[in-house]
Amino acid sequence: RLRPLRLRSFTVRDLIVEAMLSALRLLALLSCGEVFVNGHEAVFVHMEKVAAAHRPSCGRFPWCNVSLPLEDRVDLLVKEITAEEKIAQLGNDLFGGVPAIGRIGLDKYNYIREAAHGVLARGGKPPATSFPQVVAMAASFNRSLFREVGKAVGREARYMQDVGVMWGDYLGRYGGLLLQFNVNLFRDPRWGRGQETPGESPELSSAFAEEYVLGIQSPIEGTSTPQAGASCKHFAAYSFEGGPTLLNRTESMRQTLPGQSNLSRHNENAIVSRRDFAESYAKPFKACAKAKALGVMCAYNQVNGVPSCGSKRLLRGLLREKWGFDGVVVTDCDSISDMYALQGFKSTPSGTVRAALAAGTNVACSPGFFKKYATPAMNPLVTQALKDALRVRFRLGEFDPPPPLLTWPVVSRGHAELALDAALQSTVLLKNDGRLPLQRNLRLAVYGPLRNATEELLGNYQAWPVDVVTPLDGLRKVATVLTPGDDMELCGTAPAPSRPDADAVIIVAGLTGDDPKVQDPDLRPKDSKLCKGGCLEGEGCDRPNITLPKGQEELVRTAASWNLPVVLVLISGGALDISSVKDLPNLAGIMWMGYPGQLGGLALGQLLVGDVSPSGRLSQTFYRNQYLEHVPMNDYSFPARAGYPGRGYRFVQDEWVLYPFGFGLSYDTFSYSWEQLNHPMDVVEAEDEDEGLRGCRLQLQVTSAGKSDVSVLFFLRPPSGHSGALQKRLVHFERLNAARSHSVPVTFRPRDFALYLDGNDARDASDASD
């Protein structure tokens, strides 16, 4: 497909140059990629030169005057847009965005660009970098890594926008710079989309959210313009798929299916206490607002009977007025339709649209329902929503003189190395009986359904195709690799291999985060064999249990009977209960890699032979499968109560836990001791939200052989007799580079000592004696 023309005020010369650019882009799609200039595809060199020579400019419209205040520029543009055009500008097609308005030079734009762990681009060139999935990246407990990955993702998105890289298998070019990513809490280990999140901890999730926003929105060099905009989803309490459901495209309304569950993410009502909201669900989104994120996506589901995209309390009262959010609120796709068809929030479609706008929703993803039922009578609400949306486009520099255009080698420089480093830092060593690391150049027999995985290493919301190093390819760089037997399917029966002539056995097992055979995620509970078999975790598909698929478990048992050292490598987003095999005598080691990204195979090889020591720590609790019998999927409460064990490391007792949050082994050994200070506590002045109280600062000494990085996690426990069921809470973490000795300052803020009670209030426990 040719790139649509950017309608400004074209001369004949402009049209000729645009035609040349479109022809070169078409050539890029057809190119076999065998012609290079200094290592860079020649066709992209030409594309970049043409794009640089003909950057679209705002023109002579009054809102293009950069000396005017931002609000004046927004007002000048909005005044030129008719009531009908305003409605169209707020109806965002998932793949096509909102339409252009040629007479005023307003380009089409897409407010829904996914970038959880890399820009989601399908089938286009150049390929985006695919970093480890977020739940794995969070296991690094490395704030600087979170920010650096965000910077890389923002740079690639800006290039794709500026050069006009085609959107591959989707419609049109890559137009739009509002990048969506998931900061919901991984509340239940069965949740299919937990892989997209930073895990179960509000504190870790908040840190990831803040750093990723700041990374994505890093300024373009030499300017104050953000390279892209970050948008945090799904506000505010969403962690359930359910279903299946079917979208009636004629009516733009979703419906349940006869004989199937009538409960899904599209009509769930999450009952959330004030304590749980303040202590848990709100924190990552508050961090996004603090970091000045330019976008927030509201969720499908209801919270305490009110749709997330129709809650004035959440979207206006909390997000904008209390937290100071000043960006654009977009809906998840068809959310407003769901408010009417499946949630019965208002009695008419038009009334539902009005309620969403009045609550603070700005842009509706999947425009059919919105454009059909929004009316010119809603113009005041529509106008305010459009101003909120266009303000973001102005901040991203769309109506300013364009910055210099960089080439792809410059833009992507170091990104592959960063992806590898992220995979190395994210891997968690769960078991080592002393035989790891392995020696180099051993004979390794490699088994398992994911031994030759490519796209399966990426998780969901992944760029594809990208250059993936498979586990087999990564191991071949450090060992002689044998691949006995036929390939095994994820949900398949175990093969019956005989003992190999090898020094050790590697089994690459786990799950997959996507099912490309069933493109509509909401039909996966009915149509996906992988989903029904418990081997898929992803959008639309929650797992029925958290056990290792039976065939894979049998393979591990067989390999352990050969009297050879066996290393089990787990590829998954969510927890896997491997209690039935983890203590087998010949199971020498277990590594969890999450979904490690495009260089996961290379990381695996380096970790197994000790080129780098594993240093990740679990960003989620690995439960025993029996735990699920006591926690209904739709119970959103974290604290434990009678008959209910609670959720997450903060509340769950050890009897339900296989590997705790924060667990992770190393090839090195560490010792920790508090340093003697001149005073019992070094007083720290509080920030505004700490209400004038004082915190404290301590100093920790960390010593080791200096062979490995390490993440140090700091927790506080409540005073004895506290009735709020809290066991402990993460309040601080530090990533330390390999060194024999570190002195780590640790600051505790007054708010770290706040204890949330079962009632409506929070009690302060910051007295020094506690």
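Everything below is about the structure printed above this text.
Residues numbered from 1 in each chain as written. Predicted model: local features only at pLDDT ≥ 70, side-chain atom pairs only at ≥ 80, totals over all residues. Heavy atoms only, no water.

Engineer: Help me understand the overall build of the chain in this model?
Structural biologist: Along its length, the chain carries 21 helices and 30 strands. Sorting the 770 residues of the chain into buried and exposed places 61% on the buried side. Long-range contacts, defined here as pairs at least 24 residues apart, represent 74% of the contacts in the chain between residues at least 6 apart. For the chain, the computed accessible surface area is about 29100 Å², with 51% contributed by carbon and sulfur atoms. (Helix = DSSP H or I, 4+ residues; strand = E, 2+ residues; numbered from the N terminus. Buried < 20%, exposed > 50% of the residue type's maximum accessible area, 1.4 Å probe, protein only. Contact = heavy atoms within 4.5 Å. Areas by Shrake-Rupley, 256 points an atom, 1.4 Å probe, with all protein chains shown as cover.)

Engineer: Honestly, unusual backbone geometry in this entry has me stumped. Any pointers?
Structural biologist: Trans is the prevailing form of peptide bonds, just as negative phi is the prevailing case for residues other than glycine. In the segment running from K233 into H234, the intervening peptide bond is cis, with an omega of -5°. The backbone of Y461 sits at a positive phi, close to 50°, despite the residue not being glycine. In this structure, Y461 sits in the loop between β16 (443-447) and α17 (471-476). With phi around 60°, N563 is a residue other than glycine that occupies positive phi space.

Engineer: What's the story with the nonpolar core in this structure? I'm lost.
Structural biologist: The nonpolar side chains of a soluble globular protein tend to be buried with one another. Judged by nonpolar contacts, the single largest core of 205 residues is most densely connected at F235, I506, I507 and W592. Here this core takes nine residues from helix α6 (residues 143-163), the largest share from any one element. The residues touching I507, leaving out its near neighbours within four places in the chain, are Y447, G448, L555, V556, A559, V566, V567, L568 and V569. The next biggest cluster of nonpolar side chains, apart from the first, holds 14 residues, and it includes C696, L698, V731 and V746. (Core = buried A, V, L, I, M, F, W, Y, C linked by side-chain atoms within 4.5 Å.)

Engineer: Can you walk me through the state of the cysteines in this structure?
Structural biologist: Here, the word disulfide means a covalent bond between the sulfur atoms of two cysteines. Under the defined criterion, the tally for this structure stands at six disulfides. The disulfide that involves C298 links it to C309, with 2.1 Å between the sulfurs. Here C298 and C309 share a disulfide; its torsion about the S-S bond, 105°, makes the bridge right-handed. One end of the pair, C298, is in strand β10 (residues 295-298); the other, C309, is in the loop between β12 (306-307) and α10 (312-322), with eleven residues separating them in the sequence. When sorted by exposure, C298 lands in the same class as C309, which is buried. Each bonded cysteine of the chain is numbered by sequence order, and under that numbering the disulfide pairs are 1-2, 3-4, 5-6, 7-8, 9-11, 10-12. (Disulfide = S-S within 2.5 Å.)

Engineer: How do you make sense of the sheet that holds strand β15 (residues 428-432) when you look at a structure like this?
Structural biologist: Paired through their backbone hydrogen bonds, the strands of a sheet run either parallel or antiparallel. On the basis of which strands lie adjacent, the open sheet formed by six strands has the order β15-β20-β19-β18-β16-β17 and mixed pairing. At either end of the open sheet lies a strand with only one pairing partner, and these are β15 and β17 (480-482). Across the sheet, the mean angle from the axis of one strand to that of its neighbour is 20°, orientation sign disregarded. Pairing of strand β18 (residues 504-510) with strand β19 (residues 566-571), which is carried by six bridges, proceeds in the parallel orientation. Each residue of the ladder has a partner; that of A509, found in β19, is L570. The sheet strands contacting helix α21 (residues 600-608) are β18, β19 and β20 (587-592), and the helix crosses β20 at an angle near 140°. (Pairing = 2+ DSSP bridges. Axes fitted to C-alpha atoms, helices over the stretch in contact; angles between N-to-C directions.)

Engineer: Would you take a moment to explain the pairing of β15 for this structure?
Structural biologist: Along any regular strand the residues' side chains alternate between the sheet's two faces. Counting buried positions along β15 gives four out of five residues, so the element sits mostly inside the fold. Pairing analysis gives four bridges linking β15 to β20, with the strands arranged antiparallel. What sits directly across from V428, in β20, is W592.

Engineer: Any chance you could explain the environment of R751 here in plain terms?
Structural biologist: Tracing the backbone through its elements, the reader meets R751 in the loop between β28 (741-748) and β29 (754-756). A relative accessible area of 22% means that R751 is categorised as partly exposed. R751 sits 56 residues away from G695 along the chain, and the two C-alpha atoms are 8.3 Å apart.

Engineer: How should I be thinking about the packing of aromatic side chains in this particular structure?
Structural biologist: One pair of aromatic rings is described through two measures. These are the centre distance and the angle between the planes. Counted according to the given criterion, the structure contains 28 aromatic pairs. Put simply, the rings of F141, Y649, F661, F715 and F733 touch in pairs and so form one group of aromatic residues. Over the ring of F733 we find R143; its NZ or CZ atom is 3.9 Å from the centre of that ring. The ring centre of F638 lies 4.8 Å from the NZ or CZ of R650, which sits over that ring. (Phe/Tyr/Trp six-rings, centres within 6.5 Å; stacked < 30°, edge-to-face > 60°. Lys NZ or Arg CZ within 6 Å of the ring centre and 35° of its normal.)

Engineer: What am I meant to see in helix α7 (residues 202-216) here?
Structural biologist: Since there are 3.6 residues in each turn of an α-helix, residues three or four apart along the chain are aligned in direction. Here α7 contains 15 residues, and its C-alpha end-to-end distance of 21 Å stays within 8% of the 21 Å for a straight helix at 1.5 Å per residue. Buried residues dominate α7, accounting for 13 of its 15 residues. (Expected span 1.5 Å × (residues − 1).)

Engineer: Honestly, α6 in this entry has me stumped. Any pointers?
Structural biologist: For α6, built from 21 residues, the straight-helix expectation of 30 Å at 1.5 Å per residue is met to within 8% by its first-to-last C-alpha distance of 31 Å. Residue G164 follows α6 closely and has a positive phi angle near 80°.

Engineer: Sorry, what's going on with the environment of F181 here?
Structural biologist: As for its placement among the helices and strands, F181 is situated in strand β5 (residues 178-182). Judged by its relative accessible area of 1%, F181 is buried. Distance from F181 to A115, taken between C-alpha atoms, is 5.9 Å for residues 66 residues apart in sequence. When sequence neighbours within four positions are dropped, the list of residues in contact with F181 reads A115, A116, F208, A209, Y212, V213, I216, A230, S231, C232 and K233.

Engineer: Explanation requested: the packing of helix α3 (residues 70-79) against helix α14 (residues 379-395) in the structure shown.
Structural biologist: If you want to describe how two helices pack, look at the angle between their axes and the distance between the axes. Where α3 contacts α14, the two axes come as close as 10 Å, and the packing angle between them is 120°. Of the possible angle classes, the one that applies to α3 and α14 is oblique. In the packing of α3 onto α14, the handedness of the crossing is right-handed. Facing L70, E71, R73, V74, D75, L77 and V78 of α3, the residues of α14 in contact are T383, K387, L390, R391, F394 and R395. (Parallel < 35°, antiparallel > 145°, perpendicular 65-115°, else oblique. Left-handed = near helix turned anticlockwise from the far one by under 90°.)

Engineer: How should the pattern of salt bridges be read in this particular structure?
Structural biologist: Close approach of charged atoms allows side chains of opposite charge to pair. Taken as a whole and assessed by the stated rule, the structure comprises 36 salt bridges. Taking the shortest distance from any N to any O, the salt bridge between E203 and K283 comes out at 3.7 Å. Taken as a pair, E203 in helix α7 and K283 in helix α9 (residues 283-290) lie far apart in primary sequence, 80 residues in all. Of the residues examined, K283 reaches a relative accessible area of 23% and is grouped as partly exposed. Members of the salt-bridge network, linked through shared partners, are R193, E196, E241, R254, R265, D334, D522 and E539. (Salt bridge = Lys/Arg side-chain N within 4 Å of Asp/Glu carboxyl O.)

Engineer: Mind showing me how you'd approach the packing of α6 against α7 here?
Structural biologist: As a packed pair, α6 and α7 sit with axes 7 Å apart at the nearest point and diverge in direction by 35°. Crossing handedness for the pair α6 and α7: right-handed. Two secondary-structure elements touch here, α6 through R143, F146, R147, V149, G150, K151, V153 and G154 and α7 through L204, A207, F208, E211, Y212, L214, G215 and I216. Across the contact of α6 with α7, the residue classes tally to nine nonpolar, three polar and four charged. (Nonpolar A, V, L, I, M, F, W, Y, C, P; charged D, E, K, R; others polar.)

Engineer: Hey, could you run me through the sheet that holds strand β11 (residues 302-303) in this one?
Structural biologist: With mixed pairing, the three strands of this open sheet are ordered in space as β9-β11-β12. Bordering the open sheet on either side are β9 (269-270) and β12, each of which pairs with just one other strand. Relative to β12, β11 runs antiparallel, the two being bridged by two bridges. Following the sheet pairing, Q302 is matched in β12 by P307.

As far as function goes, none of this settles anything; it's purely spatial.
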